[in-house]
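Breakdown of the fold
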Amino acid sequence: MNTQPAQAIGVDMGGTSIKFAVVQGAAVVHKGEPLPTAAFASPDEILRATARRIGELRTSFPEVQAVGMGLPGFVDHEAGRVDSLTNVPGWHDIFAVRILEELCGLPVAIDNDANCMAYAEWTYGAGRGMQNVVCLTLGTGVGSGIIVHGRMLRGHLGAAGELGQMSIDYRGRIGHYGNRGAVEDYIGNREIAAEAQLAYAAAGISKPLEKCTPLELEWAAKDGCPVALRQWDDIACKLACTLMNCHYVLNPEAFIIGGGVAKAGELLFAPLRRHLKSQLYPSHYERLRILPAQFSNDAGLIGAANMALHGA
Ligand code: BGC
């Protein structure tokens, strides 16, 4: 008897590239060649190219049973419909499941990319065995997926868990959807770099933007640069505000944090814990876990594939 978990294809669409993998349980068995998102003029072209890549993968992996795809925006998982994507133009009201199922002849599931990441972390990763978890991914956009009482929280239109759109300043910058003070407009990759450039300038140091990215800031902080260290504290402070609000709404067992910015490790996590400790009811803080994500860049692929297999 074959006791191996079934195989599925995971697709993780971002603003820059569309990634593909054959997934079996928590393992990425094979990675397909990514597609450049901006090379396609419309959602229809993207879905056709995605279906072609899936077809190629299936010639080498004929056992694949389903396809799961994560997309960066408002995705109605139940209806199989993309409502709107935050940073990829042209995606409005697209019935992606119907289109992909017709093109591929396999069962397809779609969800928000951060929901897929959360599903992977909850099922196989840092949130395994927990009933109430909030997972965040910190990159160009800030996204999240929420598990409440052992179920994915999707909300009325499938748009629940958009922590990146939550406000940390009611008079702040106007976000993508008109939402003032959206957290991703302060701690998204680009915004971190822009803020760091200003902070360096205020300290009399002139740096091009490409020397102010989160990765550059990580290296600078590890070299003891006081400007970079202050920037990490500021990023952590803004993230703590988001988590504090979220804690008082959902009271999770753990926040699991991944994405490129979280790769800075303790540079982010140490001040984050300190800021949270000072803002939470003490016994709540003591019983709250702040954990790094386990699956790094593959979380979205693993989560999407498993969601499709499990019908979750
Ligand atoms: C989007 C989210 C997405 C996140 C990460 C944000 O801009 O609004 O839906 O999960 O980016 O890609």
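Residues numbered from 1 in each chain as written. Predicted model: local features only at pLDDT ≥ 70, side-chain atom pairs only at ≥ 80, totals over all residues. Heavy atoms only, no water.

Overview of the packing of helix 1 (residues 43-60) against helix 2 (residues 96-104)
At a minimum axis separation of 10 Å, helix 1 and helix 2 run at an interaxial angle of 40°. The angle between helix 1 and helix 2 falls in the class oblique. Where helix 1 crosses over helix 2, the handedness of that crossing is right-handed. Only Ala-96, Ile-99, Leu-100, Leu-103 and Cys-104 of helix 2 make contact with helix 1, whose side of the interface consists of Leu-47, Arg-48, Thr-50, Ala-51, Ile-54 and Arg-58. A class-by-class count of the residues in the contact of helix 1 with helix 2 yields 8 nonpolar, 1 polar and 2 charged. (Axes fitted to C-alpha atoms, helices over the stretch in contact; angles between N-to-C directions. Helix = DSSP H or I, 4+ residues; strand = E, 2+ residues; numbered from the N terminus. Parallel < 35°, antiparallel > 145°, perpendicular 65-115°, else oblique. Left-handed = near helix turned anticlockwise from the far one by under 90°. Contact = heavy atoms within 4.5 Å. Nonpolar A, V, L, I, M, F, W, Y, C, P; charged D, E, K, R; others polar.)

Things to note about the side chain of Thr-50
In this fold, Thr-50 is placed in helix 1. Using a relative accessible area of 0% as the deciding quantity, one classes Thr-50 as buried. The residues contacting Thr-50, other than those within four sequence positions of it, are Val-11, Ile-18, Phe-20, Leu-35, Met-69 and Leu-100. (Buried < 20%, exposed > 50% of the residue type's maximum accessible area, 1.4 Å probe, protein only.)

Observations regarding the sheet that holds strand 4 (residues 67-71)
The 5 strands lie next to each other as 3-2-1-4-8, forming an open sheet whose pairing is mixed. Looking at which strands have only one partner, the edges of the open sheet turn out to be strand 3 (27-36) and strand 8 (108-112). Across the sheet, the axes of successive neighbouring strands diverge by a mean angle of 20°, strand direction being ignored. Of the strand pairs in this sheet, strand 4 and strand 8 are connected by 5 bridges, and their pairing is parallel. Bridging from a neighbouring strand, Met-69 pairs with Ile-110 of strand 8. Each of strand 4 and strand 8 touches helix 2; the most contacted strand, strand 8, lies at about 145° to it. (Pairing = 2+ DSSP bridges.)

What about the site of the ligand?
Every one of the 13 residues lining the ligand counts as a neighbour, but Thr-86, Asn-112, Asp-113, Glu-162 and Glu-184 are closest to it. With respect to the ligand, the backbone of Gly-73 contributes an N or O atom lying 3.1 Å from an oxygen atom. In the environment of the ligand, an oxygen atom lies 2.6 Å from a nitrogen or oxygen atom belonging to the side chain of Asp-113. In the shell around the ligand, the residues fall into 3 nonpolar, 7 polar and 3 charged. When residues of the shell around the ligand are assigned to domains, at least three fall in each of domain 1 (7-112 + 298-310) and domain 2 (128-293). (Near = heavy atom within 4 Å. Polar contact = N/O pair within 3.5 Å; in protein donor to acceptor, adjacent residues only side chain to side chain. Domains from an automatic or database assignment.)

What about the domain arrangement of the protein?
A common way to express how large an interface is: the accessible area buried when the components associate. For the protein, the domain assignment lists domain 1 (7-112 + 298-310) and domain 2 (128-293). Of note, the centres of domain 1 and domain 2, computed from C-alpha atoms alone, are 27 Å apart. Taken together, the contact between domain 1 and domain 2 spans 13 residues of the former and 12 residues of the latter. Both faces considered, domain 1 and domain 2 share a buried interface measuring about 970 Å² in area, 45% of it formed by carbon and sulfur atoms. On the domain 1 side of the interface with domain 2, the three residues burying the most area are Phe-74, Thr-86 and Asn-87, jointly 49% of the side's total. Linking domain 1 with domain 2 are 1 salt bridge, by the criterion used here. Linking Asp-111 and Arg-154 is a salt bridge whose minimum nitrogen-to-oxygen distance equals 2.8 Å. Applying the counting rule to domain 1 against domain 2 returns 4 residue pairs in polar contact (both at pLDDT 80 or more). No other element matches strand 5 (residues 73-76), which puts 4 residues into the side of domain 1 that touches domain 2. Across the side of domain 1 that touches domain 2, the residue classes tally to 4 nonpolar, 6 polar and 3 charged. (Buried area = accessible area lost by both parts, 1.4 Å probe. Salt bridge = Lys/Arg side-chain N within 4 Å of Asp/Glu carboxyl O.)

Here we look at the environment of Ala-160
Summarising the element assignment, Ala-160 is placed in the loop between strand 11 (151-152) and helix 4 (184-187). Residue classification places Ala-160 among the partly exposed positions, given a relative accessible area of 22%. Distance in space between the C-alpha atoms of Ala-160 and Asp-76 is 9.9 Å, their sequence separation being 84 residues. Beyond its immediate sequence surroundings of up to four residues, Ala-160 is in contact with Leu-153, Arg-154 and Gly-155.

Some details on helix 8 (residues 266-277)
Look at helix 8: 16 Å from first C-alpha to last across 12 residues, which is about the 16 Å you get at 1.5 Å a residue. Residues of helix 8 that are buried include every one of Leu-267, Leu-268, Phe-269, Pro-271, Leu-272, His-275 and Leu-276, and no others. (Expected span 1.5 Å × (residues − 1).)

What about the pattern of salt bridges?
Under the criterion given, the structure shown has 12 salt bridges. For Glu-216, the salt bridge identified is with Lys-211, shortest N-O distance 3.6 Å. Residue class for Glu-216 comes out buried when judged on its relative accessible area of 19%. Using a relative accessible area of 41% as the deciding quantity, one classes Lys-211 as partly exposed. Each of the salt bridges in this network shares a partner with another, and the network as a whole consists of Arg-81, Asp-83 and Asp-93.

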